[in-house]
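# Fold and contact review
If you want the building blocks of each chain, they are given just below.
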Amino acid sequence: MTCASCVGHIEKAIGSLPDVIGVSVNLATERADVTFAHAADPQAVVQAIEHAGYRVPETEIELGVAGMTCASCVGHVEKALLKVPGVTAASVNLATEKASVHYLGGIASVRDLEAAIRGAGYEPRRIEHGATSSDQDASAREREIRDLRRSLIFAAVLALPVFVLEMGSHLLPVVHDLVMNTMGMRTSWLIQFALTTIVLFGPGLRFFSKGIPAIARGTPDMNSLVVLGTSAAWGYSLVATFAPAILPPGTANVYYEAAAVIVALILLGRYLEAKAKGRTSDAIKRLIGLQPKTARVVRDGMTQEIALTDVRTGDIVELRPGERIPVDGEVVDGNSYVDESMITGEPVPVAKSVGAEVVGGTINKTGAFTFRATKVGANTVLAQIIRMVEQAQGSKLPIQAMVDRVTAWFVPVVMGIAALTFLIWLVFGPAPALSFALVNAVAVLIIACPCAMGLATPTSIMVGTGRAAELGVLFRKGEALQTLRDVSVVALDKTGTLTEGRPELTDLEPAEGFEYDMVLQLVASVETRSEHPIAEAIVAAAKARGLAVPSPTAFEATPGLGVSARVGEHDVRIGADRFMSKLGHDVSAFADKAGQLGAKGRTPLYAAIDGRLAAVIAVADPIKGTTPEAIRALHDLGLRVAMITGDNQATADAVARMLEIDEVVAEVLPDGKVDALNRLRSDGRKIAFVGDGINDAPALAAADVGLAIGTGTDVAIESADAVLMSGDLRGVVNAIALSQATIRNIRQNLFWAFGYNAALIPVAAGALFPLNGTLLSPIFAAGAMALSSIFVLTNALRLRVFRPAIAAGRHALGEAP
């Protein structure tokens, strides 16, 4: 709004709405107060304002949500938030335990959102962005894992004797005889009752505290099914133990072992899930750690060391060699080389002089300089990277939507079938109808217990990821196993992924009459006085061959051309072709070699010794020896390979030609890499991105699956879904093959878990009784449940013998078989 006319337009638009009996718009505060005759309709007001050509500002907030355990919880929280007036969008992430909410600030408030979360049965937590928040999240995760581990051990220790007493007696006659001849059946039942009761209302109490309120709210979840299944088994056994006369003859059996083992197995699933969620906040913490705590700023003619948060745009900042640059800026005095690998991914430091831009978080290597701060706080490149990682990690995965749909119908349908079974037998069943109704309803609940469902995915993920670690691939997030199976494009960073990630002397061809070692020794001696990073590679190559590198004399650098010096009795000059031409040397003798270097994206340098052209030299970041084989294997899998890099176009194209890469995107910064990924997936293709640098963190988090080279930075690793621990790109091929095998395994498990329910729930309900008088006793229902779990576990363990698709040498946990 800009004037009184705007106020009038908005008041007229809002006033025309039904039920609006009063409206007052304030130009100074930019607020509209609306009075309704009946129930308020904020969305209608917003639409009226937007239709009039104005906009209601929208606020975005992240809230932590504690107490979520499954996809049903996610759905319940989202629905509760969307019911709050003024909320336009809500997305809940189970892995990060966070809710991202868009709401109209003038209508909804943070307290309204927190009240909605509490009303759904969960506990909200306000998030303070930064290191403190990361520490709090890590502490909360560790407490959850420790609590689950204690509960799991306690439940397993108590459930084991219950299982041995009951199932051992059924399966092994010798156990049955031993129990009957020592303690007797009744004493055995009493012991089972005591131990199972402790399990249910000790470590299993967490299911009751969540499941029962969820049933009361009409939003049953997996906790509710666990409660119903275990309560049915325990309650039926309780009646059989203390009041067997009210049960039909022959049905006074106990199922304590089902209740106790169910609790232990579900706790195992929860524990594995908590371990597999991944340390999402660690990536943000490490990124924040790249920012210096303080900066030296010139104010009032004096240098002061102040907190980073106090640096303002326009401040003059002083920097010493080896220090990390605090904020983005422009050099105003001095020159140096700056390591910008965290931004560009390229290993060679970049020369900086007056007028050059510097980026916060990068490292000053050699000289001292001062610069003017141009971007501070949330506007720096590093802050933008942090935000991109946070947004990408908070996005919702496709697997969650599938689980949401499945759980939404499974839980209430099972409960409905059990209730319908009870009613049908009560009305139409033979005498005693009540007993038959109770027995069959209990059978439905016991056979539909989500034990196998709870184990189907985590056991396959556990075994699959364990086998992957043996093959040099670490899956940090179990969800990546599903998504990686469906990728059709593998996008690769260049430096440190396709290449070694450090400059090396790749070529030195001496002219006739010169020896390789002599030329390398003399050239390296001159380069010891050069500050250029390429010189380090030449000196390192000479030392690697055991050559002495004496100090030169009369060193002179010719800007833009090359360097000259005397080494002993030799006059040595090194530079580009234009430097040699200026010195009167004809470089055409090396024309073929220079052409070959150009085709590989390498820039040739020349050396002249004692007035004669002595050699052509090239320094580059060499391709890893395993890279060509890996790319061929990816092509053999029917995948397209793309390269996304901050390197220049010519070098990128040369590398792509050598490796037969299908698509190239060069000269991009971190946000450009994310945009490139979005373009690659524009036609619905799923993208896997492989990188190693901090600059790759946003792309690793934004890709459908991010795979980090294990030799890369910690931030890249923490932002990825999977890590190639050996740094071998062939691990990508094995990761995809293992993903396919694991998802097949999970689908088999889920088919069994749901299939046996679909087949046996009707039997448990008594569907065969009119045909042949068959009823499924709850003990056989419990046996079917146990068999389902055993099948799922056994099937998952088959992944331990997965064979790698391509040999990748030594692996993290030993040699591949």
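Residues numbered from 1 in each chain as written. Predicted model: local features only at pLDDT ≥ 70, side-chain atom pairs only at ≥ 80, totals over all residues. Heavy atoms only, no water.

### Let's talk about the overall build of the chain
The condition that has to hold: Secondary structure counts use DSSP, requiring at least four H or I residues in a row for a helix and at least two E residues in a row for a strand, with both numbered from the N terminus. Remark: exposure states derive from per-residue accessible area (1.4 Å probe, protein chains only) relative to the maximum for the residue type, with buried under 20%, exposed over 50%, and partly exposed in between. We call two residues in contact when some of their heavy atoms are within 4.5 Å. All accessible-area figures derive from a Shrake-Rupley calculation using a 1.4 Å probe, and residue coverage is judged against the displayed protein chains alone.
Per the secondary structure count, the chain includes 30 helices and 30 strands. Among the 817 residues that make up the chain, the fraction classed as buried is 51%. Restricting the contact set of the chain to residue pairs at least 6 apart, pairs at least 24 apart contribute 67%. Total accessible area on the chain stands at roughly 35,900 Å², and carbon and sulfur atoms take up 57% of it.

### Here we look at the UniProt feature "transmembrane region" (unreviewed entry) in the chain
For clarity, the cut-off: UniProt positions are given in the numbering used here, feature names are shortened, and annotations may be inferred rather than shown by experiment.
Per the UniProt entry, the sites bearing "transmembrane region" (unreviewed entry) are residues 151-169, 189-205, 225-247, 253-272, 406-428, 434-457, 750-769 and 775-793 in this numbering. Between the first and last C-alpha atoms of residues 189-205 the distance is 22 Å; the span itself is 82% helix and 0% strand.

### Considerations on the packing of aromatic side chains
Quick reminder of the rule: Each Phe, Tyr or Trp ring, with Trp reduced to its six-membered ring, pairs with another whose centre is within 6.5 Å; inter-plane angles below 30 degrees give stacked pairs, above 60 give edge-to-face pairs, and intermediate values give tilted ones.
Taken as a whole, this structure holds eight aromatic pairs when the rule is applied. Aromatic side chains Phe193 and Trp234 sit 6.4 Å apart centroid to centroid with 15 degrees between the ring planes, which places their arrangement in the stacked category. Residue Phe193 is located in helix H7 (residues 185-201), and its partner Trp234 is located in helix H9 (residues 222-242); the two are separated by 41 residues in the primary sequence. Given the relative accessible area of 21%, Phe193 is considered partly exposed. For the pair Phe201 and Phe208, a centre-to-centre distance of 5.3 Å together with 35 degrees between the ring planes defines the contact as tilted. Exposure remark for Phe201: the relative accessible area of 38% places this residue in the partly exposed category.

### Observations concerning unusual backbone geometry
What is expected of a backbone is that most residues other than glycine have negative phi and most peptide bonds are trans. The phi dihedral of Ala554 is positive, around 55 degrees, even though this residue is not glycine. Along the chain, Ala554 falls in strand E19 (residues 553-558). Of the residues examined, Ala554 reaches a relative accessible area of 62% and is grouped as exposed. Positioned with a positive phi, Asp610 is a non-glycine residue whose angle comes to about 55 degrees. Positionally, Asp610 belongs in the loop between strand E22 (605-609) and strand E23 (612-620).

### Brief notes about the side chain of Ser525
Here Ser525 lies in helix H19 (residues 516-527). Discounting residues that sit within four places of it in the chain, Ser525 has contacts with Val549, Pro550, Pro552 and Val567.

### Brief notes about the sheet that holds strand E18 (residues 504-510)
Keep this limit in mind: At least two DSSP bridges between two strands are required for those strands to pair. Helix axes are fitted to C-alpha atoms over the stretch in contact, other axes to C-alpha atoms as well, and angles between N-to-C directions run from 0 to 180 degrees.
The sheet built from six strands is open, its strands ordered E18-E23-E22-E21-E20-E19 with antiparallel pairing. Looking at strand neighbours, the two that pair on one side only are E18 and E19, the edges of this open sheet. Neighbour-to-neighbour, the strand axes of this sheet turn through a mean angle of 20 degrees, independent of strand direction. Alignment of E22 against E23, held across five bridges, turns out to be antiparallel. Among the inter-strand pairings, Ala607 is bridged to a residue of E23, identified as Ala615. Contacts between H19 and the sheet are confined to E18, E19, strand E20 (562-567), strand E21 (570-575), E22 and E23, with E18 contributing the most and set at about 125 degrees to the helix.

### A few points about the nonpolar core
So the rule is basically this: Within this scheme, the nonpolar core is defined by two criteria: the residues are buried Ala, Val, Leu, Ile, Met, Phe, Trp, Tyr or Cys, and they are joined through side-chain atoms within 4.5 Å.
Counting 45 residues, the largest nonpolar core has Ala155, Leu200, Phe207, Val263, Leu267, Val444 and Ala764 as the members making the most contacts within it. Among the elements of the structure, helix H5 (131-171), H7, helix H8 (205-217), H9, helix H10 (256-276), helix H14 (398-428), helix H15 (433-447) and helix H28 (730-765) are those that each provide at least two residues to this core. Setting aside chain neighbours within four positions, we find Ala155 in contact with Val199, Pro203, Val263, Ala264 and Leu267. Of all hydrophobic cores here, the second largest spans 42 residues; its members include Val641, Met643, Ala688 and Leu799.

### Re the pattern of salt bridges
Test applied: Salt bridge, as used here, is a side-chain nitrogen of Lys or Arg placed within 4 Å of a carboxyl oxygen of Asp or Glu.
The final tally for this structure, using the stated rule, is 15 salt bridges. With a closest N to O distance of 2.8 Å, Glu323 and Arg296 form a salt bridge. Taken together, the positions of Glu323 in the loop between strand E9 (316-319) and strand E10 (328-334) and Arg296 in strand E7 (residues 294-299) put the pair 27 residues apart, joining distant regions of the chain. Judged by its relative accessible area of 23%, Glu323 is partly exposed. In this structure, Asp486 engages Arg485 in a salt bridge whose closest nitrogen and oxygen atoms are separated by 2.7 Å. Take Asp486: its relative accessible area is 34%, and that puts it in the partly exposed class. By relative accessible area, Arg485 is classed as partly exposed at 29%. Several salt bridges converge on common partners, so that one network encompasses Asp147, Arg150 and Arg206.

### Examining the sheet that holds strand E8 (residues 302-307)
On the basis of which strands lie adjacent, the open sheet formed by six strands has the order E8-E7-E9-E15-E10-E13 and antiparallel pairing. The sheet terminates laterally at E8 and strand E13 (357-358), the two strands that pair on one side only. Pairing analysis gives six bridges linking E10 to strand E15 (residues 369-375), with the strands arranged antiparallel. The residue bridging Asp328 from the neighbouring strand is Lys375, located in E15.

### Things to note about the side chain of Thr421
Topologically, Thr421 is positioned in helix H14. What makes Thr421 buried here is its relative accessible area of 5%. With residues near it in sequence (within four places) discarded, Thr421 still touches Asn440, Ala441, Val444 and Ala765.

### With respect to the confidence of the model for the chain
Defined as follows: A score between 0 and 100, pLDDT records how confident the predictor is in each residue.
Taken as a whole, the chain shows an average pLDDT of 78; of its residues, 79% reach a score of 70 or greater. Low pLDDT, under 50, characterises residues 395-400; the stretch is placed with 13 contacts to residues that sit more than four places away or in other chains. Predicted confidence for residues 809-817 stays below pLDDT 50, and this span has 20 contacts to residues more than four positions away or in other chains.

### Let's talk about the pairing of strand E3 (residues 58-66)
Alignment of E3 against strand E5 (residues 98-104), held across seven bridges, turns out to be antiparallel. Looking at the pairing, Ile61 lines up with Val101 of E5. Sheet topology places E3 next to strand E6 (residues 123-126); four bridges connect them, and they run antiparallel. Following the sheet pairing, Leu63 is matched in E6 by Arg126.

### Considering the environment of Asp328
Quick reminder of the rule: The term polar contact refers here to a pair of N or O atoms within 3.5 Å; inside protein, the definition further demands a hydrogen-donor-capable atom paired with an acceptor-capable atom, and it admits residues adjacent in sequence only when both atoms are side-chain atoms.
Position of Asp328 among the secondary structure elements: in strand E10. Look at Asp328 and you get buried, because its relative accessible area is 5%. On a C-alpha basis, the gap between Asp328 and Val359 in space is 4.4 Å, while along the polypeptide they are 31 residues apart. Excluding residues that lie within four positions of it along the chain, Asp328 makes contacts with Val358, Val359, Gly360, Phe371, Arg372, Ala373, Thr374, Lys375, Asn379, Thr380 and Val381. At 2.7 Å, the side chain of Asp328 and the backbone nitrogen of Gly360 are in polar contact.

### Structural notes on H8
As a reminder, the rule being used: A helix is expected to span 1.5 Å for every residue after the first. Note: the arc covers the axis-to-C-beta directions of the helix.
Here H8 spans 19 Å end to end across 13 residues, near enough to the 18 Å set by a 1.5 Å rise per residue. Buried within H8 we find Phe207, Phe208, Gly211 and Ala214. The arc enclosing the buried residues of H8, seen along the axis, measures out at 150 degrees, which places them on a common side. In the stretch just after H8, Gly218 is the one whose phi turns positive, near 80 degrees.

### Remarks on the pairing of E23
E23 sits mainly inside the fold: eight of its nine residues count as buried. Counting the residues between successive antiparallel strands, the hairpin from E22 to E23 contains two residues, one of them, Asp610, with a positive phi of roughly 55 degrees.

### A short note on a nonpolar patch on the surface
Put simply, the test is: Here the term patch refers to residues with relative accessible area over 30% and no salt bridge, with like charges joined within 9 Å and nonpolar side chains (Val, Leu, Ile, Met, Phe, Trp, Tyr) within 5 Å.
Residues Leu420, Leu423, Ile424, Leu426, Val427 and Phe428 make up a contiguous nonpolar surface patch of roughly 620 Å² in combined accessible area. Looking at the element boundaries, Leu420 is found in helix H14.

### Concerning helix H2 (residues 42-51)
Among the residues of H2, Pro42, Ala44, Val45, Val46, Ala48 and Ile49 are the ones counted as buried. Buried residues along H2 sit in contact with helix H1 (4-15), strand E2 (31-36) and E5. Positive backbone phi, at 100 degrees, marks Gly53, one or two positions downstream of H2.

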